[in-house]
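Structure at a glance
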Amino acid sequence: MRITSKRRRGTLAAGTGAALLLTAACGQGGDADDGGGGQDAGGDGGQSTIRFSWWGSPERAEITNAAIAAFEEEHPDIDVEPEFTDFDAYFDRLSTSVAANDEPDVITMGGAYPREYGSRGVLLDFAEVSDIVDLSVYDEASLQNGYFDDAQFGIPTGVNSFGVVANPAVFEQAGVEMPDDDSWSWQDYADIATEISANTPDDIYGAEDPTQPDTLDLYADQHTGQGLYSEDGELAISAETVTEWFEYTTGLMESGAAPEASLSAELMGQPNPEQTLMGQGRAGLMFAWTNQLQAFADASGDELVMLRAPGETTQQEPGQWLQASQLYTISSRSEHPEAAAELVNFLTTSTAAADHIGSDRGVPAVAEIRAHLEPSLGPIQKVEFAYIDRVAELIDGDFVVGPPGSTESVPTLQRINESVLFGDTAPAEGGQQFVDDMNAAIAAGG
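Here is what the cut-offs are and how they apply
Residues numbered from 1 in each chain as written. Predicted model: local features only at pLDDT ≥ 70, side-chain atom pairs only at ≥ 80, totals over all residues. Heavy atoms only, no water. Helix = DSSP H or I, 4+ residues; strand = E, 2+ residues; numbered from the N terminus. Buried < 20%, exposed > 50% of the residue type's maximum accessible area, 1.4 Å probe, protein only. Contact = heavy atoms within 4.5 Å. Areas by Shrake-Rupley, 256 points an atom, 1.4 Å probe, with all protein chains shown as cover. Core = buried A, V, L, I, M, F, W, Y, C linked by side-chain atoms within 4.5 Å. Pairing = 2+ DSSP bridges. Expected span 1.5 Å × (residues − 1). Arc of directions from axis to C-beta. Salt bridge = Lys/Arg side-chain N within 4 Å of Asp/Glu carboxyl O. pLDDT = per-residue confidence, 0-100. Axes fitted to C-alpha atoms, helices over the stretch in contact; angles between N-to-C directions. Parallel < 35°, antiparallel > 145°, perpendicular 65-115°, else oblique. Left-handed = near helix turned anticlockwise from the far one by under 90°. Nonpolar A, V, L, I, M, F, W, Y, C, P; charged D, E, K, R; others polar. Phe/Tyr/Trp six-rings, centres within 6.5 Å; stacked < 30°, edge-to-face > 60°.

**Some words on the overall build of the protein chain**
Along its length, the protein chain carries 18 helices and 12 strands. For the protein chain, the residues scored as buried account for 58% of the 446 residues in total. If you take every contact in the protein chain between residues at least 6 apart in sequence, the share linking residues at least 24 apart comes to 77%. When the accessible area of the protein chain is evaluated, it comes to approximately 17,000 Å², of which 46% is carbon and sulfur surface.

**Notes on the nonpolar core**
Core analysis: the biggest nonpolar cluster contains 62 residues, and F52, V80, V133, I155, L322 and L343 have the highest contact counts within it. When residues of this core are assigned to their parent elements, the largest contribution, 7 residues, is made by helix α13 (residues 337–349). Y219, V242, L285 and W289 belong to the second largest nonpolar core, which has 45 residues in total.

**Points about the pairing of strand β2 (residues 48–55)**
Within β2, 7 of the 8 residues are buried, which leaves it mostly tucked inside the rest of the structure. In this sheet, strand β3 (residues 78–85) lies alongside β2 in parallel orientation, the contact comprising 8 bridges. Each bridged residue has a counterpart across the sheet, and for S53 the counterpart in β3 is E83.

**Details of helix α16 (residues 379–392)**
Between its terminal C-alpha atoms α16 stretches 20 Å, which fits the 20 Å expected from 14 residues at 1.5 Å a residue. Those residues of α16 that fall on the buried side of the exposure criterion are I380, E384, F385, Y387, I388, V391 and A392. Projected onto a plane normal to the axis of α16, the buried residues spread over an arc of 160 degrees and lie on a single side. Buried residues along α16 sit against β7 (155–166), α12 (293–300), β10 (305–307), β11 (322–330) and α15 (367–373).

**Comments concerning the pattern of salt bridges**
Here the structure, examined in full by the defined rule, presents 13 salt bridges. Residues D360 and R361 are paired through a salt bridge, measuring 3.8 Å at the closest nitrogen-oxygen approach. Linking R415 and D437 is a salt bridge whose minimum nitrogen-to-oxygen distance equals 3.1 Å. Of this pair, R415 sits in helix α17 (residues 409–421) while D437 sits in helix α18 (residues 427–445), and the two are 22 residues apart along the sequence. Residue class for R415 comes out partly exposed when judged on its relative accessible area of 44%. A relative accessible area of 27% places D437 in the partly exposed class.

**Side note on the confidence of the model for the protein chain**
Summing up the model confidence of the protein chain, the mean pLDDT is 88 and the portion of residues at 70 or higher is 88%. Throughout residues 1–44 the model reports pLDDT below 50, and contacts reaching past four residues in sequence, or to other chains, amount to 128 contacts.

**Observations regarding unusual backbone geometry**
Most peptide bonds take the trans configuration, and most residues that are not glycine carry a negative phi. Of note in the backbone geometry, D149 takes a positive phi value of approximately 50 degrees without being a glycine. Mapped onto the elements of the fold, D149 is located in the loop between β5 (147–148) and β6 (151–152). Note on D149: relative accessible area 39%, which makes it partly exposed. Located in the positive-phi region is D150, a residue other than glycine, with phi close to 60 degrees. Tracing the sequence through the fold places D150 in the loop between β5 and β6.

**Topic: helix α4 (residues 87–99)**
Here α4 contains 13 residues, and its C-alpha end-to-end distance of 19 Å stays within 8% of the 18 Å for a straight helix at 1.5 Å per residue. Among the residues making up α4, those that are buried are Y90, F91, L94, S97 and V98. On an axial view of α4, the arc spanned by its buried residues comes to 125 degrees, and they lie on one face. Those residues of α4 that are exposed and aimed more than 90 degrees away from the buried face are D88, D92, T96 and A99.

**Regarding the packing of helix α10 (residues 239–255) against α18**
Running from N to C, α10 and α18 point in directions that differ by 135 degrees, and their axes come no closer than 7 Å. For the element pair α10 / α18, the angle class is oblique. For the element pair α10 and α18, the recorded crossing hand is right-handed. Contacts between α10 and α18 involve A239, V242, T243, F246 and E247 on the former and, on the latter, P427, A428, G430, G431, Q432, F434 and V435. For the contact of α10 with α18, the class distribution of residues is 7 nonpolar, 4 polar and 1 charged.

**Looking at the packing of aromatic side chains**
Enumeration over the complete set of coordinates arrives at 24 aromatic pairs. Measuring from ring centre to ring centre gives 5.4 Å for F71 and F346, while their planes differ by 65 degrees; the resulting arrangement is edge-to-face. Placement of the pair is F71 in helix α3 (residues 58–74) and F346 in helix α13, with a sequence separation of 275 residues. With relative accessibility at 0%, the residue F71 sits in the buried group. Consider the rings of W186 and F287, whose centres lie 5.7 Å apart with planes at 15 degrees: the pair is stacked. With a gap of 101 residues between them, W186 in helix α8 (residues 186–198) and F287 in strand β9 (residues 283–289) connect regions that are remote in the sequence.

Okay, structure coming up:
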C-alpha cells in the first residue's frame, strides 16, 4: 500500500527540481563501485562510531550485518552498531529514542514517517553531505520519495513500481494478443478484459476489479495532473474524478470483464496471493506492485509479466511512479553525519553491499547496481529488474507524502466500492462520499 501521492509542477525542469538542484551540487561523490566520497568521515581524524537501525527478519539482519562488515573493512575508521527489531515494534522504539534525543545516526524509514520526522527537524538534508552522497547516480524519480519541504531527507534503499500483472497463458487460452503497453488506453484495457472473459470458461476473467487507492491515484494523475493529495496536505482528487472511476469499474463488471459484485467483494483486500484470481491462474490482468510478481507467479505456477498501466500515453500525462521500498535517513543530531552518509552511500551504491543485500529492500535505485546483480537473478526477478529499468526512464512527476489520516483511504474506498458494485450506491453518490469521508479523515488526523 502506498500512502503518498504525486503532484505535477508547471514544467519538466521545475518538476524535477527535487533532484536537479541537489544533483548540481553533488558531482564530487564517489562512484557506484567503491561507495566512497573520500573525505575524513570521522570529521576529527579519529575513530567514529555510528548507530544504524532497521526492521525486518533475522535473515535480513544476517545479510545487513554482512554488508556492514564489508563497509567497515573499506572504512576502518568507522564502527557501525546495528540496531534492528521487527516492524511492529520499530517505530514505537524510534519514537521513544527521538523523544530522548537518542535516535540512531542512520535510520531506516518508510511510509509517512520521513515527512513526520523531517518536518520536525529530526532528519538531515542530504544537501549537507552532497560531497559524499551523489544524488545523480540514483533513478531521478526514486529520489522524489524522500524529497519534501525543499529538502532531500531520504535515500531509497530500493524501489518498486505499480503496474499491471499479465498472465500470457490466459491470453493464449482466450486467443487474445498481448497489448502494446506503450500505447494502450483505459478503453483498450476494458475491451481486452471483456474479450478474455468471453473466450474462456466462466470461472476465468479478463481482469480483477482494479479499485484500490493506488489505481485511483494513478487514474486521477493521468486525467487531471494531480493524484489523491496536494502538497499542502489536502485531498486533491475531486468527486467528479472518483465518479468517473466508479462508472468505469462498474462498466467492467457489467460487461463481464471483471467479476460480479459478490466475488469482487470477497476478493477485496485479499492479502494472500494464492487467493486472488491472478494467483489462481484465473485472471488475465491485475494491477499490482512489482515486488508482488514472484508471489503471484509461485501461486499460479505460470510465467507472468509486468505491463505499464493503460493511459500512460493516451491521457493528459503519465501517472506511474517509482516507490521507495524504504528510505535511509540521517539524524540531524548525529555527531558524525559524514560517517553516516558514507554508510548510506555504501549500502545503496556499492557492489560490495549489493552482493549481500541483493533486492531484499527493493530493486536497487541505481542502474549500475541492477546491472551488477542481473546475472544472479531468477526468471521473475529479471522481469522485475527489466521493468524498473524501463519505467525509470518514462516516469515523470513529484511525490507528496500523504497527510495524517490518509491511511483511511484503504478501508474507505473498499467500503464505498463494495456498495457501488452491489448497486446500493450510485457512482456519483460514491464519488462524493469518498471525498467527504477522506476530507473528514484528514481533518481528524491533523
